Amino acid sequence: MAHYSLENCSPLSNVDFEMTLEGGGRDENAEAYLKLPSEQKEVYAKRMLKFLRAVSMVKRMKISIGFLEGSLWFLKVVSRAPDLSDCQPLRLSNLQTLMLGMWSTRGCLRAIAFLLSISPNITKLFVKSKESNLADVGDDWEAGLSLPGILSHLKYVHIREAEGCDAELKLLSFLLKSAKVLKQVVLHPRSTIDSPDRVRRQFGSKLRALPRASSHIIMRWPATKSAYLIK
């Protein structure tokens, strides 16, 4: 019987990665991952790298929030031992569409930035905010990341379950200042928000104040059927 694995299968154009903690299920959160022993985190990080290397030709990728945490651990592994043979630079040069979940934490922002930095040809980014966390992630969350010249092809950003928290705004700030050909940002508010229009106005005023690499960005807010040019 043939043995199939990511390493010996034909190049994939689409891939979905799902990683959850044993017994975690739908109720797992960022704190559960933070409490894992460092040895276990390092094992997960190296496995994540192995999986990404196996699908380096992929064009569309969807990853669970748990897998995203693995990206963060991988960053820490590399920072401690950059000369490890299994931690050499990774590129997802064919990746055009990335879909992922996001906890509103500093770690998730860094993991997203890492994935974008190794995906030079990405054109579409879809994010689903998974957890309400209004804590400030800090202005130095990008510290130590090498991010020159990224997002040169990103045209479309879609964020679901948005609520206007600090992490969402930090992510948008990062994208707006880096994506030179960004054309459209679509924001779907969290269903529990009492006044979507109020949050839309807050988003709009804050986004207008952010530095932008693209001169023509349309923000769409389907909940109120509104759209306007960020200028």
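Check the entry above for the structure.
Given the structure is predicted, the values throughout are model-derived calculations rather than measurements. (Residues numbered from 1 in each chain as written. Predicted model: local features only at pLDDT ≥ 70, side-chain atom pairs only at ≥ 80, totals over all residues. Heavy atoms only, no water.)

(A) Examining the overall build of the protein chain more closely. In terms of helices and strands, the protein chain carries six helices and eight strands. Going from the N terminus to the C terminus, the protein chain shows its helices and strands as β-α-α-β-α-β-α-β-β-α-β-α-β-β. Here the protein chain, with 231 residues, has 48% of them falling under the buried criterion. The contacts of the protein chain with a sequence gap of at least 6 include a subset with a gap of at least 24, amounting to 82%. Here the protein chain has roughly 11900 Å² of accessible surface; of this, 51% comes from carbon and sulfur atoms. (Helix = DSSP H or I, 4+ residues; strand = E, 2+ residues; numbered from the N terminus. Buried < 20%, exposed > 50% of the residue type's maximum accessible area, 1.4 Å probe, protein only. Contact = heavy atoms within 4.5 Å. Areas by Shrake-Rupley, 256 points an atom, 1.4 Å probe, with all protein chains shown as cover.)

(B) Region of the structure containing the packing of aromatic side chains. Inspection of the entire model under this criterion finds one aromatic pair. Aromatic side chains Phe126 and Tyr156 sit 5.6 Å apart centroid to centroid with 55° between the ring planes, which places their arrangement in the tilted category. You can see Phe126 sitting in strand S4 (residues 124–131) and its partner Tyr156 sitting in strand S5 (residues 156–162), a full 30 residues away along the chain. Exposure remark for Phe126: the relative accessible area of 26% places this residue in the partly exposed category. (Phe/Tyr/Trp six-rings, centres within 6.5 Å; stacked < 30°, edge-to-face > 60°.)

(C) Local environment of the pairing of strand S3 (residues 97–103). Burial within S3 is extensive, with seven of its seven residues counted as buried. As paired elements, strand S2 (residues 60–63) and S3 share four bridges and run parallel to each other. The residue bridging Lys62 from the neighbouring strand is Met99, located in S3. (Pairing = 2+ DSSP bridges.)

(D) Representation of the side chain of Asp166. Mapped onto the fold, Asp166 is located in helix H5 (residues 166–178). Reaching out from Asp166, the side chain makes a polar contact with the side chain of Lys170 at a distance of 2.7 Å. (Polar contact = N/O pair within 3.5 Å; in protein donor to acceptor, adjacent residues only side chain to side chain.)

(E) Region of the structure containing the nonpolar core. If you look at the biggest cluster of nonpolar residues, it comprises 57 residues, and the most contacted ones within it are Met61, Leu98, Leu116, Leu151, Leu175, Leu187 and Phe203. The contact partners of Phe203, leaving out residues within four places of it in the chain, are Ala162, Glu163, Gly164, Glu168, Leu169, Leu172, Leu187, Met219, Trp221 and Tyr228. (Core = buried A, V, L, I, M, F, W, Y, C linked by side-chain atoms within 4.5 Å.)

That's the geometry; what it means functionally is another story.
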